[in-house]
Amino acid sequence: MDFGIRPLGDRVVIKRAQAEEKTAGGILLASQAKEQPNIADVVAVGNGKADVKMEVAVGDKVIFSHYAGATVKFQGEEYIIISQEDILAILG
């Protein structure tokens, strides 16, 4: 499915999971206090490079490095474009 961003090479477009609204004890968090999770859904995958096989696929849920990639806004949504090497694991 092509949604409008087509990553090049070994890059991947991910959409970060929503931050928790409450603590485990039920306390509501202000937007600044919410910890941004390092879990995201893969929404687009590049074709890879001659020496890099793409190991993730659209729809995978992944854990990625905290400071990796570039954040972009597209059609009112926020996405992160990262290199596949910044993906640490696939959840599943």
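Residues numbered from 1 in each chain as written. Predicted model: local features only at pLDDT ≥ 70, side-chain atom pairs only at ≥ 80, totals over all residues. Heavy atoms only, no water.

A few points about the environment of L88
Here is step 1 of the chain: Within the secondary structure, L88 sits in strand β6 (residues 87-91).
Here is step 2 of the chain: Along the primary structure L88 and F64 are separated by 24 residues, whereas in three dimensions their C-alpha atoms are 5.2 Å apart.
Here is step 3 of the chain: With sequence-adjacent residues up to four places away left out, L88 is seen in contact with I63, F64 and S65. (Helix = DSSP H or I, 4+ residues; strand = E, 2+ residues; numbered from the N terminus. Contact = heavy atoms within 4.5 Å.)

Considerations on the nonpolar core
Here is step 1 of the chain: V12, I14, A40, V42, M54, V56, V62, F64, A68, I80, I82 and I87 form the largest nonpolar core, which has twelve residues in total.
Here is step 2 of the chain: Sorting the residues of this core by element identifies β1 (11-16), β2 (39-45), β3 (61-64) and β5 (77-83) as the ones contributing at least two each.
Here is step 3 of the chain: Of all hydrophobic cores here, the second largest spans five residues; its members include F3, V13, A44 and Y79. (Core = buried A, V, L, I, M, F, W, Y, C linked by side-chain atoms within 4.5 Å. Buried < 20%, exposed > 50% of the residue type's maximum accessible area, 1.4 Å probe, protein only.)

Observations concerning the pattern of salt bridges
A pair can form between side chains of opposite charge whenever their charged atoms are brought close.
Here is step 1 of the chain: Applying the stated rule across the entire model yields two salt bridges.
Here is step 2 of the chain: For K15, the salt bridge goes to E77, with nearest N and O atoms at 2.6 Å. Here the residue K15 occupies a position in strand β1, and E77 occupies one in strand β5, the gap between them amounting to 62 residues.
Here is step 3 of the chain: In this structure, the salt-bridge partner of D41 is K61, at a minimum N-O distance of 3.1 Å. Here K61 lies in strand β3 and D41 lies in strand β2, a separation of 20 residues in the sequence. (Salt bridge = Lys/Arg side-chain N within 4 Å of Asp/Glu carboxyl O.)

Side note on the environment of F64
Here is step 1 of the chain: Topologically, F64 is positioned in strand β3.
Here is step 2 of the chain: The sequence separation of F64 and Q84 amounts to 20 residues, and the corresponding C-alpha distance is 9.1 Å.

Here's the deal with the packing of aromatic side chains
Here is step 1 of the chain: One pass over the full model with this rule turns up zero aromatic pairs.
Here is step 2 of the chain: Over the face of the ring belonging to Y79 we find K15, whose NZ or CZ atom lies 5.7 Å from the ring centre. (Phe/Tyr/Trp six-rings, centres within 6.5 Å; stacked < 30°, edge-to-face > 60°. Lys NZ or Arg CZ within 6 Å of the ring centre and 35° of its normal.)

What to know about the sheet that holds β1
Here is step 1 of the chain: Judged by pairing direction, the sheet is antiparallel, and its six strands sit side by side in the order β4-β5-β1-β2-β3-β6 without closing on themselves. Taken across any chain shown, the strands that pair with only one partner, and hence form the sheet edges, are β4 (70-74) and β6. Direction aside, neighbouring strands of the sheet carry axes that sit 40° apart on average.
Here is step 2 of the chain: Across five bridges, the pairing between β4 and β5 is antiparallel. From the neighbouring strand, K73 faces β5, where its bridge partner is E78. (Pairing = 2+ DSSP bridges. Axes fitted to C-alpha atoms, helices over the stretch in contact; angles between N-to-C directions.)

Considering the side chain of D10
Here is step 1 of the chain: The residue D10 is located in the segment before β1 in this model.
Here is step 2 of the chain: The side chain of D10 sits in the buried core without any salt bridge; K49 is the nearest counter-charge, 4.0 Å away. (Lys, Arg positive; Asp, Glu negative; His and termini not counted.)

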